[in-house]
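Chains, contacts and geometry: an overview
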Amino acid sequence: MTETPHSPSSHADPASNPELVRGEDGRVRPRWAATDPLLRDYYDHEWGVPIRTGRGLYERLSLEAFQSGLSWATILRKRPAFRAAFADFEPDAVAAFGDDDVRRLLADAGIVRNERKIHAAITNARATVSLRSDGGLVQLVWGFQPAPGPRPQSYAEVPAKVPASEQLAKALKKAGFVFVGPTTMYALMQAIGMVDDHLVGESGPLAG
């Protein structure tokens, strides 16, 4: 997710940080997740929550690629249509997609109809399947988790990429993945809980 970019809240006073908003429910969220119900629900239940399944990681890789140049809210609103169009992001099913499927996807107004990104999703499904003989996507991605660092005070402190995301991007490209640049991979690392970029004072994700 590039427009904002986990952990319990700290003792910092969120009222002193203009990037944080305390909701009517008492939870402290970043401003990007404070008003739109879809983004608020995503923040509360998904962003920063670890994903350790091949299907889940493949879906996030695909959606991060489709999000490039768009808002994450747009992708979330289209996610049900994406799941229907891409066989619920089951890598084996998408890996079998052919030219007829590409034409079907390009005609589907419910998703982002970008031919390069559609081909990337199919290519990455095939790479995900191929990677199983070498440990799998989960092992590869989580193998680049950096050591924990201090949580940021503001989004100005949050980098667009880090050495670990650059290394992950190179490893994925070597394994046959595309649309996996270091900035996109850092957004993935944030989203799946590999790094904790919740600001000091945020409530963080809900348990369960």
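Bear in mind that the values here come from a model prediction, so they are computed numbers and not experimental data. (Residues numbered from 1 in each chain as written. Predicted model: local features only at pLDDT ≥ 70, side-chain atom pairs only at ≥ 80, totals over all residues. Heavy atoms only, no water.)

1. Thoughts on the pattern of salt bridges
Definition in use: Each reported salt bridge corresponds to a side-chain nitrogen of Lys or Arg within 4 Å of a carboxyl oxygen of Asp or Glu. A helix here means a DSSP run of H or I that spans at least four residues, while a strand means a run of E at least two residues long, and both kinds are numbered starting from the N terminus. The buried label applies to any residue whose accessible area, calculated with a 1.4 Å probe on protein chains only, is under 20% of its type's maximum; exposed applies above 50%, and partly exposed to all values in between.
Applying the stated criterion across every chain yields a total of 12 salt bridges. In this structure, the salt-bridge partner of glutamate 46 is arginine 60, at a minimum N-O distance of 3.2 Å. Note that glutamate 46 is positioned in the loop between α1 (37-45) and α2 (54-67) and arginine 60 in helix α2, a separation of 14 residues in sequence. A residue is classified by how much of its surface remains accessible, and arginine 60, at 5% relative accessible area, is buried. Lysine 161 is paired through a salt bridge with glutamate 166; the nearest N and O atoms lie 3.7 Å apart.

2. Notes on the environment of alanine 164
Heads up, the rule is: Two residues qualify as a contact provided that any one of their heavy atoms is within 4.5 Å of a heavy atom in the partner residue.
Relative to the assigned elements, alanine 164 resides in helix α8 (residues 163-174). As a C-alpha pair, alanine 164 and glycine 143 span 21 residues in sequence and 9.6 Å in three-dimensional space. Among all residues touching alanine 164, those that are not within four sequence positions of it are Phe144, Pro146 and Met189.

3. Considerations on the packing of α2 against helix α6 (residues 115-131)
What counts is decided by this rule: The axes are straight lines fitted to the C-alpha atoms, using for helices just the contacting stretch, and the angles between their N-to-C directions are given from 0 to 180°. Angles are sorted into four bins: roughly parallel if under 35 degrees, roughly antiparallel if over 145, roughly perpendicular if 65 to 115, and oblique for all others. Note: crossing handedness is left-handed where the near helix turns anticlockwise from the far helix by less than a right angle, and right-handed where it turns clockwise. Amino acids are sorted into nonpolar (Ala, Val, Leu, Ile, Met, Phe, Trp, Tyr, Cys and Pro), charged (Asp, Glu, Lys and Arg) and polar (every other residue, Gly among them).
At a minimum axis distance of 10 Å, the contact between α2 and α6 shows a crossing angle of 160°. One finds that α2 runs roughly antiparallel with respect to α6. Pair α2 / α6 crosses with right-handed handedness. Two secondary-structure elements touch here, α2 through Tyr58, Ser62, Ala65 and Phe66 and α6 through Lys117, Ile118, Ala121, Ile122, Asn124, Ala125 and Thr128. When its residues are assigned to classes, the contact of α2 with α6 shows 7 nonpolar, 3 polar and 1 charged.

4. Here we look at the side chain of threonine 128
Here threonine 128 lies in helix α6. Contacts of threonine 128, omitting those with residues within four sequence positions, involve Tyr58, Pro91, Leu137 and Phe177.

5. Topic: the nonpolar core
Stated precisely, the cut-off is as follows: Only buried Ala, Val, Leu, Ile, Met, Phe, Trp, Tyr and Cys residues count toward a nonpolar core, and they belong to the same one when joined by side-chain atoms within 4.5 Å.
Counting residues in each nonpolar core, the largest one holds 58 residues, and the members touching the most others are Phe82, Phe86, Leu137 and Leu172. If near-sequence neighbours (up to four positions away) are discounted, phenylalanine 86 is found in contact with Phe66, Val94, Phe97, Leu105, Ile111, Ile118 and Ala121.

6. Considerations on the packing of aromatic side chains
Going by this rule: Working definition: rings of Phe, Tyr and Trp (its six-membered ring) pair if their centres are within 6.5 Å, and the pair is stacked with planes under 30 degrees apart, edge-to-face with planes over 60 apart, and tilted otherwise. Whether a charge sits over a ring comes down to the Lys NZ or Arg CZ being within 6 Å of the ring centre and within 35 degrees of the ring normal.
Evaluation of the coordinates by the stated rule reveals 10 aromatic pairs. The lysine or arginine in question, arginine 52, covers the ring of tryptophan 142, its NZ or CZ lying 3.7 Å from the ring centre. Across the ring face of phenylalanine 97, the terminal group of arginine 104 is positioned such that the distance to the ring centre comes to 5.2 Å.

7. Some remarks on the packing of α2 against helix α3 (residues 72-85)
Axis angle and axis distance: for two packed helices, these are the angle between their axes and the distance between the axes, and together they describe the pair. Between α2 and α3, whose axes approach to 10 Å, the crossing angle comes to 130°. For the element pair α2 / α3, the angle class is oblique. Between α2 and α3 lies a crossing whose hand is right-handed. For the pair α2 and α3, the contacting residues are Glu59, Leu63, Glu64, Phe66 and Gln67 in the first and Trp72, Ile75, Arg79, Phe82 and Arg83 in the second. Taken together, the residues of the contact of α2 with α3 break down into 5 nonpolar, 1 polar and 4 charged.

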